[in-house]
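Given next are the chains, with one letter for each unit.
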Amino acid sequence: MSFNVEFQITDMREEVKRAAKTQLLQGLTRCGMKMREFAQGKVPKRTGELERSIGYAVDPDDMSVSVGSNLEYATYVELGTGKYSEVGGKPVSRWTYKDPATGETRISGGQHPQPYIRPAVKDHIGTFKNILINALKGND
């Protein structure tokens, strides 16, 4: 007994790549939303301006997501200032500066770091991994 079977192979690699990229971008977007939520939960709240300024951006070319704030002082809150700075601030005990928003002259001895971005990412790596795994599996 012999069988004569015909079949055709279709190259679907490009479609699979596009679908995977779409799913990964959706996962990165969900990660960005969670990162923002976690950071907003950790940020020190005085006026709420810093909390409201926290956002995220997905870069489809690099396939990456970033979270942060565009406020000038956001980095100072995260990393500290003066003698308390985690990145090597001024060693002096006090200095003066002019507040660009109000024009007031202020005196500062430095500010302790109050991290909110780094812990929002570092403390939830497992969450982000699961989001990406589910996105690539096609689960919402």
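Everything quoted here is computed from the prediction, not taken from an experiment.

Asks: Explain the pattern of salt bridges here, please?
Replies: Pairing of side chains with opposite charge becomes possible as their charged atoms draw close. Scanning all chains against the criterion turns up 6 salt bridges. The closest approach of N and O atoms between aspartate 11 and arginine 13, which form a salt bridge, is 2.7 Å. One connected set of salt bridges, linked through shared partners, spans Glu78, Glu86 and Arg118.

Asks: In this structure, what is going on with the layout of surface pockets? I would like to understand it.
Replies: Considered as a void within the structure, the largest pocket measures approximately 1,100 Å³ in volume. Around the largest pocket, the lining comprises 33 residues; the ones closest to its centre are Tyr73, Tyr76, Val77, Tyr97 and Gln111. Among the elements of the structure, α2 (49-53), α3 (74-79), β3 (95-98) and β4 (105-108) are those that each provide at least two residues to the lining of the largest pocket. In terms of residues, the lining of the largest pocket owes the most to one element, α3, which gives 4 residues. Split by residue class, the lining of the largest pocket holds 11 nonpolar, 14 polar and 8 charged.

Asks: What exactly am I supposed to notice about helix α1 (residues 13-42) here?
Replies: The α-helix winds at 3.6 residues per turn, so residues separated by three or four positions along the chain end up facing the same way. In this model α1 runs 43 Å from its N-terminal to its C-terminal C-alpha over 30 residues, within 8% of the 44 Å that 1.5 Å per residue would give. Of all the positions in α1, only Gly27, Leu28, Cys31, Gly32, Met35, Phe38 and Ala39 are classed as buried. Buried residues along α1 sit in contact with β1 (55-59), β2 (64-68), α4 (117-122) and α5 (125-137).

Asks: Explanation requested: the environment of glutamate 51 in the structure shown.
Replies: Here glutamate 51 lies in helix α2. With a relative accessible area of 24%, glutamate 51 lands in the partly exposed category. Sequence separation between glutamate 51 and arginine 36 is 15 residues; the distance between their C-alpha atoms is 9.2 Å.

Asks: Quick question: what am I supposed to make of the nonpolar core here?
Replies: Note on soluble globular proteins: their nonpolar side chains tend to be buried together. Counting residues in hydrophobic clusters, the biggest one holds 18 residues, and the most contacted among them are Met35, Ala39, Leu50, Ile54, Tyr116 and Phe128. Elements that contribute at least two residues to this core include exactly α1, β2, α3, α4 and α5. Looking at which element gives the most residues to this core, the answer is α1, with 5 residues. Other than its neighbours up to four places away in sequence, isoleucine 54 contacts Arg36, Ala39, Gln40, Val43, Val67, Gly68 and Tyr116.

How each quantity is defined
- Residues numbered from 1 in each chain as written.
- Predicted model: local features only at pLDDT ≥ 70, side-chain atom pairs only at ≥ 80, totals over all residues.
- Heavy atoms only, no water.
- Salt bridge = Lys/Arg side-chain N within 4 Å of Asp/Glu carboxyl O.
- 1 Å grid on protein atoms, 1.4 Å probe; cavity = no way out; pocket = protein on both sides within 12 Å on 5 of 7 lines; lining within 4 Å.
- Points joined across faces, edges and corners; volume = space filled by probe spheres on them.
- Helix = DSSP H or I, 4+ residues; strand = E, 2+ residues; numbered from the N terminus.
- Nonpolar A, V, L, I, M, F, W, Y, C, P; charged D, E, K, R; others polar.
- Expected span 1.5 Å × (residues − 1).
- Buried < 20%, exposed > 50% of the residue type's maximum accessible area, 1.4 Å probe, protein only.
- Contact = heavy atoms within 4.5 Å.
- Core = buried A, V, L, I, M, F, W, Y, C linked by side-chain atoms within 4.5 Å.

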